[in-house]
Amino acid sequence: MRTHDVKVFGYGEFAKEIVQQVNEAYRSVTVYTLDVESRDEVRKGGSEAYLFDLGDEWDEFKSLEMEETLFICALDDDASNVFLTISLRDQFPDSRIIAIASTHEHASKLRLAGAHKVISKLQATADILIEVLEKPVVTHVVQDILDEETELKTMQLHIEKGNVLIGERLDSVAQRTKSVIVLAVVDGKMDTLFVFTARGYKHILEEGDILVIIGYDEDLEHFKRSVQ
Amino acid sequence: MGMLSRQVVSLAYFLETSQHYQKTKRLFYNLLENQQYPYKRYFDIFMMVLIFSSVFILIREVRHTVNDFWALFNDYIISVIFLIEYVLRFWVISDSSAIIIKQYEKDELLQRHFRLGRALFKVLQVKWHYATSIPAIIDLLAIMPFFHELRLLRLFILFRVFKIFRYTQNMQYFGSILSHKKFELLTLLTFAGVVVFVASILIYVMEANNPHSPINTLFDAFYWSIVTISTVGYGDVTPITQEGQSVAILVIISGIAVLSFATSIVVTAFTEKLDEIRENKMLSDIKKLKHFYLICGYGEVAKQTASKLHRRGRNIVILDTDPDRVAEAKENKLYALALDPASLSTYKTMGVDLSEQASAVILLRDSDVLNVYTALTLRDITNRVKLLAILHDKGNRRKLELAGVHNIVYSQEIVGILSREYSGKPIAFETMNLLRAENSTTDMVEIVVDDLISDRVETVGGLKIRQHRLLLIGISKIDVEAFVFNPESDTPLHKGDVLVVVGEISMINEFRLHIHKKKRSS
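Residues numbered from 1 in each chain as written. Chains lettered and ligands numbered in written order. Predicted model: local features only at pLDDT ≥ 70, side-chain atom pairs only at ≥ 80, totals over all residues.

Within chain B, the regular secondary structure consists of 24 helices and 10 strands. Going through the 522 residues of chain B one by one, you find that 29% of them count as buried. Within chain B, contacts between residues at least 6 apart in sequence are counted, and of these 62% link residues at least 24 apart. (Helix = DSSP H or I, 4+ residues; strand = E, 2+ residues; numbered from the N terminus. Buried ≥ 20, exposed ≤ 12 C-beta atoms within 10 Å, placed from the backbone. Contact = placed C-beta atoms within 7 Å.)

Of the regular secondary structure elements, chain A holds eight helices and 10 strands. The burial tally for chain A puts 42% of its 228 residues in the buried class.

Taken in spatial order, the four strands of this open sheet run 7-10-8-9 (chain B), and their pairing is antiparallel. Strands at the two margins of the open sheet, each flanked by one partner only, are strand 7 (442–448) and strand 9 (482–485) of chain B. Recorded for the sheet is a direction-independent mean angle of 20 degrees between the axes of neighbouring strands. In this fold helix 6 (residues 136–146) of chain A packs onto strand 7, strand 8 (471–477), strand 9 and strand 10 (498–504) of chain B, with an angle of close to 80 degrees to the strand it touches most, strand 10 of chain B. Sheet strands in contact with helix 22 (residues 426–436) of chain B are strand 7 and strand 10 of chain B, and its direction is about 60 degrees off that of strand 7 of chain B. (Pairing = 2+ DSSP bridges. Axes fitted to C-alpha atoms, helices over the stretch in contact; angles between N-to-C directions.)

Residue and element names in this part refer to chain B. Of the two faces of strand 5 (residues 387–390), the one lined by L387 and A389 and the one lined by L388 and I390 are each fully buried. Direction of pairing for strand 4 (residues 358–363) relative to strand 5: parallel, over a ladder of three bridges. Each bridged residue has a counterpart across the sheet, and for I362 the counterpart in strand 5 is L388. Pairing of strand 5 with strand 6 (residues 407–409), which is carried by three bridges, proceeds in the parallel orientation.

This paragraph deals with the sheet that holds strand 1 (residues 5–9) of chain A. Residues and elements named next belong to chain A. With respect to topology, six strands assemble into an open sheet ordered 3-2-1-4-5-6, the strand pairing being parallel. Only two strands of the sheet have a single neighbouring strand rather than two, namely strand 3 (48–51) and strand 6 (117–120). Taken over all neighbouring pairs, the strand axes of this sheet differ in orientation by 20 degrees on average, direction set aside. Of the strands in this sheet, strand 1, strand 4 (69–73) and strand 5 (96–101) touch helix 3 (residues 78–91), which is tilted by about 170 degrees from strand 5. Contacting strand 5 and strand 6, helix 5 (residues 121–134) crosses the sheet at an angle of about 65 degrees to strand 6.

You can see T271(B) is positioned in helix 14 (residues 242–288). Given 10 C-beta atoms within a 10 Å radius, T271(B) is considered exposed.

Written out as structure tokens, the structure reads:
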């Protein structure tokens with residue numbers, strides 16, 4: 001599952017930042033705005049933008065490959081954002097939807113409306129503030145990982161047919177390399193996420209599992225090549 | 001100027017400029033009068049112990065023989081300590097040399113002879129004002145048992161109990177609250193006094209000539225009036241004539257009225273002052289906190305942040321100008337004050353040492369303008385406190401940096417980055433989230449290499465971190481001021497390095513204990 005197309009709904013303060021961030025990472029980013037001024041502003045910035053309303057006319061989306069598309073609902077008005085999320089879920093049951101919530105109450109409504117991931121503005125800000133205060137070094141590491149310009153990254157390694165790691169215990173995989181750290185594994189059968197150190201260390205890798213690895217760009221690529 | 005005047009002025013200047021004298025005086029002032037002084041509470045406890053010992057000895061010697069040591073301790077040692085305290089209070093209560101200098105400089109300015117008499121009069125006036133205050137009189141009476149030969153004076157030990165007012169803040173609050181209703185209480189007391197006076201005379205006139213009446217003297221009449229008006233009514237002295245009983249009815253009705261009014265006055269005084277009492281109590285509690293996070297502004301982000309920090313057991317102090325928000329913070333069991341975080345006077349009122357007590361100040365006010373202004377106020381007070389701020393408008397980042405804010409958090413950017421990360425690597429994103437989530441059983445923590453660890457373990461390999469089912473993500477090295485990701489096992493450890501470790505919380509706690517316990521047992 002690799003995202004190629006990102007559709008951002010809304011162009012408020014938060015949506016602008018989202019557009020800026022995802023623009024750097026994806027082949028195609030399209031912004032849908034509720035008013036002409038916002039649409040023109042996006043177009044001035046060089047991105048693709050269209051007008052939309054909260055009606056049920058989604059014909060132009062019908063041709064999209066849902067596995068490759070990500071919807072980001074970032075309308076400023078909470079009620080409209082929930083309505084948009086539920087409309088998208090109704091029309092495209094297989095779509096992936098991220099929704100931006102302003103409050104805790106709004107977040108739970110967005111989850112009920114069918115968003116895969118709800119990012120709460122308040123909670124995300126509070127979490128970062130607390131992390132900066134209580135764990136400054138961890139914050140620094142996480143920021144490094146999230147920062148596109150630094151070399152420290154996370155990678156999701158899908159264990160596919162023919163991968164040399166199939167049949168190996170996770171702790172022995174960790175010992176294979178000194179340059180990257182295996183942080184977690186998703187059991188392909190059970191669809192459960194294990195943090196490696198906690199319960200996952202005895203897990204025997206099978207086709208369909210996904211490893212989460214941290215390391216520098218070059219080391220991650222080298223590890224990937226060495227096991228596939 | 002006469003010789004005496006000159007010498008007095010010289011002495012005043014000498015004392016005013018003598019660092020040693022001023023330091024000593026300030027020390028005693030803090031100890032005796034300054035509620036904010038941290039060591040005052042020990043002095044207060046010491047004095048209260050003396051008071052209670054004194055009262056205990058007084059009670060004990062009613063039926064038992066008190067040995068010589070305790071008698072000496074009670075009669076002399078405690079009294080001498082109280083005498084010293086009285087003299088010290090008398091000394092520190094005013095600045096006599098400053099009064100003399102002020103008078104001298106005023107006379108010089110007006111080009112007239114220095115009036116020593118006037119200066120000394122002012123000095124004595126201030127001292128007299130203090131000496132005639134109720135606390136000072138109680139202090140003086142508490143010393144009286146010193147003259148133990150006069151048995152009656154021994155009862156003055158009871159005045160020592162009143163000294164407790166000096167050493168307990170709650171008692172002082174009680175006194176100050178009642179003093180606000182001085183007029184009402186005095187009016188009621190006058191009314192009760194008049195009723196007692198009139199009733200005593202009336203009952204005496206009605207009953208004294210009756211041979212069967214127990215009221216034979218004016219004192220009996222007065223005693224009966226007091227017992228009746230207070231609604232105690234022992235029944236040992238009762239009027240037997242019809243006229244006397246009529247007076248009794250009036251006194252009983254007046255007594256009920258007096259008691260009801262007195263109760264109502266005290267309750268009203270407390271109700272009116274309740275907020276002030278709570279505020280003072282909160283200020284006093286905040287001053288006692290060793291560490292706290294100061295949050296300026298109590299908007300939505302602040303509520304989330306404060307609540308999460310509170311759940312982690314951190315002390316939080318909220319400052320906001322909006323009383324409704326402050327009330328909400330108090331409901332959420334936080335220390336909250338309705339004071340302007342951007343005003344210097346706020347921090348004077350709080351009486352806290354920000355550089356020592358505040359672990360960090362978090363600026364979460366409603367605009368960048370207010371955050372910049374508050375940051376500059378805080379920078380005016382100290383450079384040693386860490387400042388964090390939320391950024392409302394991207395364009396103002398530089399202004400906050402210039403105002404001395406160390407960490408700036410821009411919500412929009414965070415949400416943007418999180419959206420990007422989730423859209424590209426949802427599993428990696430959830431893993432990082434899991435490690436940072438509040439209620440997760442796994443965590444990513446920082447372990448500071450302290451003396452105990454650095455003495456015992458020389459390299460990363462020595463930590464045997466894998467044996468504890470933990471992952472070492474990296475070390476923030478103090479010597480090179482850089483983060484070393486996934487360090488080699490021969491990487492040396494130094495005191496002050498910070499290990500970033502991932503694992504189950506229980507395993508992390510066990511690891512912490514293990515690396516410290518080994519040292520103690522070795």
